[in-house]
Amino acid sequence: MNSMAEIITSISKNLGTGNVMNISREEALLIPDISQRLFDILSVNLRMEGSWIKEGAKFEWASESGIAENMTTIVEEYKKTRGLLPIRICVLGPPAAGKSLVASQLCQHYKLHHLKIADVIQQAIEKLEKQAARAETEEGEDDDESAQQAQETLDLLNESKQENNERYEDQYIIQFFMEKLMSMPCQNQGFVLDGFPKTYSQARELFSNKEEPEDEDAPKLEFNPKIMPEVVVSLDGDDAFLKKRIMNLPESVVAGTHNTEDLFLKRLAEFRAINTDDQTVLNYFDELEVHPENVDISKDTSSNMSQVVEKVVKITGKPRNYGPTEEERMELERIEMEKTMKKEALEKLDLQRQEEEERKETKRRKDEWSSRVQEVKQQEEEVLQAQSYPLRNYLMKHVMPTLNQGLIEVCKVRPEDAIDYLAEYLFEHNPQVD
């Protein structure tokens, strides 16, 4: 029989850090996520005897010893049934390729753990220092032995660092990474390896399968499937592009880092040297049918390599680990709504701009048409006027003098048939033109 505290502690060990925070009933009522109904369910003192089921039911028990003792199996079944599978990614590439920038954005998108060499080493050493510090306190023999082992490991690390030009040997780095990869957070949610492993031998040692299969007849895998990356991304860029990227960094950012010109060129030369043989870290993954995806970073025109990240997300697929909380979901909806509103506002402005441009263009065309029509009319008038000059001259010389005299005579006489009289007058007074 397991108590609620034992079940929760077991869940925490299999899905988290193993730590459990105890709160009072009064404090529980102040938590917004705990409703009154949920509070009543969690606080009920329910004791059940399963003797009848155990003795009378005719089926084979899967977890007869209880929930807490079988929590590992239950968690695996739960994750498999609901598709809550970890996402394991490895981002590799030359110095200044933007591995950490891409890895951090992938971790944010998929809610994964970012594993950088410096951070993994620092966390491992801090853990050893805490374990070694227990030797000074009055604890049990087990703690004292563990503290002593931690102190011995720290001494070996310091000796290795002094003998290797302030660098740790591969065996220690690989051990730290292996412990980190096998930790509950990485096993449950997943991880992004940032620039490690660097060589074929490091990869083979890190991912090698040291566990025997549960089924004796099953073949032993060459790699540990629990920590082997399912997506391997190689960020590619030529030396000229990488040098230009470093040269464009501000002096304040480069100072005191390994991205100074001399150190960068040295690191770049080392990277090219260890990636010319057939036994490169990418070849290791290729041999195991985990084919690396090569992404050309020189084609990314964004400021934060978002285009490269989008490509990697497309390769990896949709998130399939633990989804966002209610608060995170609401925040995502708010951000999405703001993006939609901003997009609609931009589209509206763009539509108004297009309409204004079309209106101006229509007015310009109308003005241009009116101007051309006016110009054509003026040209036609000029042509007609030019063509009328000979006719007018002819009429003024040969017709109009006699016609004017005839009209004057009609006005004086005022005959009954003015037209006939005018015709007779014009016939009689028609000048003879030689």
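Refer to the structure presented above.
Structural notes on the overall build of the protein
Thinking step 1. Scanning the protein from N- to C-terminus turns up 18 helices and five strands.
Thinking step 2. A total of 434 residues make up the protein; the buried ones form 25% of that total.
Thinking step 3. Sequence separation of 24 or more characterises 68% of the internal contacts of the protein that already satisfy a separation of 6 or more.

Here's the deal with the pairing of strand S4 (residues 231-236)
Thinking step 1. With five of its six residues buried, S4 lies for the most part within the structure.
Thinking step 2. Pairing of strand S1 (residues 87-92) with S4 involves four bridges; the strand directions are parallel. What sits directly across from Leu92, in S4, is Ser234.
Thinking step 3. Bridging between S4 and strand S5 (residues 293-296) involves four bridges; their strand directions are parallel.

Here's the deal with unusual backbone geometry
Trans is the prevailing form of peptide bonds, just as negative phi is the prevailing case for residues other than glycine.
Thinking step 1. In the segment running from Phe196 into Pro197, the intervening peptide bond is cis, with an omega of 5 degrees.
Thinking step 2. With respect to the helices and strands, Pro197 occurs in the loop between strand S3 (190-194) and helix H11 (200-207).

Remarks on the packing of helix H12 (residues 239-247) against helix H14 (residues 261-274)
Thinking step 1. Viewed as axis vectors pointing N to C, H12 and H14 meet at an angle of 155 degrees, and their least axial separation amounts to 11 Å. Taken together, the axis directions place H12 and H14 in an arrangement best described as roughly antiparallel. Seen from above, H12 lies across H14 with right-handed handedness. Where H12 abuts H14, its residues Asp239, Leu242, Lys243 and Ile246 lie against Phe264, Leu265, Leu268 and Arg272.

Focus on the sheet that holds S3
Thinking step 1. Spatially, S2-S3-S1-S4-S5 is the arrangement adopted by the five strands of the open sheet, whose pairing is parallel. Among the strands making up the open sheet, the edge pair consists of strand S2 (113-116) and S5. Here the average twist between neighbouring strands, direction ignored, is 20 degrees.
Thinking step 2. When S1 meets S3, the two strands line up parallel, connected through five bridges. By the bridge assignment, Arg88 is partnered in S3 with Phe191.

Focus on a negative patch on the surface
Thinking step 1. A contiguous patch of negative charge on the surface is contributed by Glu416, Asp417, Asp420, Glu424 and Glu428.
Thinking step 2. Tracing the sequence through the fold places Asp417 in the loop between helix H17 (326-413) and helix H18 (418-428).

Side note on the packing of aromatic side chains
Thinking step 1. Counted according to the given criterion, the structure contains five aromatic pairs.
Thinking step 2. Measuring from centroid to centroid gives 5.8 Å for Phe207 and Phe285, while their planes differ by 55 degrees, and the two rings are tilted. Placement of the pair is Phe207 in helix H11 and Phe285 in helix H15 (residues 281-287), with a sequence separation of 78 residues. The same class applies to Phe207 and to Phe285, which are both buried.

Regarding the nonpolar core
Thinking step 1. Counting 36 residues, the largest nonpolar core has Phe207, Tyr284 and Phe285 as the members making the most contacts within it.
Thinking step 2. Of all the secondary structure elements, the ones that give two or more residues to this core are S1, helix H7 (117-133), helix H8 (141-163), helix H9 (170-181), S3, H11 and H15.
Thinking step 3. Setting aside its immediate chain neighbours within four residues, Phe207 contacts Leu181, Leu193, Pro197, Glu222, Phe223, Asn224, Ile227, Met228, Pro229, Tyr284 and Phe285.
Thinking step 4. Core analysis: the next-biggest nonpolar cluster, separate from the first, contains 26 residues, Val91, Leu106, Ile246 and Leu268 among them.

Digging into the side chain of Gln187
Thinking step 1. Looking at the secondary structure, you find Gln187 in helix H10 (residues 184-188).
Thinking step 2. On the basis of relative accessible area, Gln187 is assigned to the buried category, the value being 15%.
Thinking step 3. For Gln187, the side chain forms a polar contact with the main-chain oxygen of Leu181, separated by 2.8 Å.
Thinking step 4. Residues contacting Gln187, with those up to four places away along its chain left out, are Lys79, Pro86, Leu181, Met182, Lys226 and Ile227.

Considerations on the pattern of salt bridges
Thinking step 1. Enumeration over the complete set of coordinates arrives at 13 salt bridges.
Thinking step 2. When the shortest N-O distance is used, the salt bridge between Arg272 and Asp239 registers 2.8 Å. Remark: Asp239 occurs in helix H12 and Arg272 occurs in helix H14; sequence separation between them is 33 residues.
Thinking step 3. Residue classification places Asp239 among the partly exposed residues on the basis of a relative accessible area of 30%.
Thinking step 4. Glu368 is paired through a salt bridge with Arg364; the nearest N and O atoms lie 3.1 Å apart. Residue Glu368 and its partner Arg364 are both found in helix H17; the two are separated by four residues, about one turn of the helix.
Thinking step 5. Arg364 sits in the partly exposed class, given a relative accessible area of 42%.
Thinking step 6. Each of Glu361, Arg364, Arg365, Glu368 and Arg372 takes part in one network of salt bridges that share partners.

Details of a nonpolar patch on the surface
Thinking step 1. Together, Met4, Ile8, Val20, Leu38, Ile41 and Leu42 give the surface a local cluster of nonpolar side chains, amounting to about 470 Å² of exposed area.
Thinking step 2. Of all the secondary structure elements, the ones that give two or more residues to the nonpolar patch are helix H1 (4-15) and helix H3 (36-43).
Thinking step 3. Looking at the nonpolar patch, the element that brings in the most residues is H3, giving three residues.
Thinking step 4. Here Met4 shows up in helix H1.
Thinking step 5. For Met4, a relative accessible area of 42% corresponds to the partly exposed category.

Digging into the packing of H7 against H9
Thinking step 1. As a packed pair, H7 and H9 sit with axes 9 Å apart at the nearest point and diverge in direction by 85 degrees. Of the possible angle classes, the one that applies to H7 and H9 is roughly perpendicular. Along the contact surface, H7 presents Ile117, Val120, Ile121, Gln123, Ala124 and Leu128, while H9 presents Ile173, Phe176, Phe177 and Lys180.
Thinking step 2. Taken together, the residues of the contact of H7 with H9 sort by class into eight nonpolar, one polar and one charged.

Analysis parameters
- Residues numbered from 1 in each chain as written.
- Predicted model: local features only at pLDDT ≥ 70, side-chain atom pairs only at ≥ 80, totals over all residues.
- Heavy atoms only, no water.
- Helix = DSSP H or I, 4+ residues; strand = E, 2+ residues; numbered from the N terminus.
- Buried < 20%, exposed > 50% of the residue type's maximum accessible area, 1.4 Å probe, protein only.
- Contact = heavy atoms within 4.5 Å.
- Pairing = 2+ DSSP bridges.
- Axes fitted to C-alpha atoms, helices over the stretch in contact; angles between N-to-C directions.
- Parallel < 35°, antiparallel > 145°, perpendicular 65-115°, else oblique.
- Left-handed = near helix turned anticlockwise from the far one by under 90°.
- Patch = residues over 30% accessible without salt bridge, like charges linked within 9 Å, V, L, I, M, F, W, Y side chains within 5 Å.
- Areas by Shrake-Rupley, 256 points an atom, 1.4 Å probe, with all protein chains shown as cover.
- Salt bridge = Lys/Arg side-chain N within 4 Å of Asp/Glu carboxyl O.
- Lys, Arg positive; Asp, Glu negative; His and termini not counted.
- Charge placed at Lys NZ, Arg CZ, Asp CG, Glu CD.
- Phe/Tyr/Trp six-rings, centres within 6.5 Å; stacked < 30°, edge-to-face > 60°.
- Core = buried A, V, L, I, M, F, W, Y, C linked by side-chain atoms within 4.5 Å.
- Polar contact = N/O pair within 3.5 Å; in protein donor to acceptor, adjacent residues only side chain to side chain.
- Nonpolar A, V, L, I, M, F, W, Y, C, P; charged D, E, K, R; others polar.

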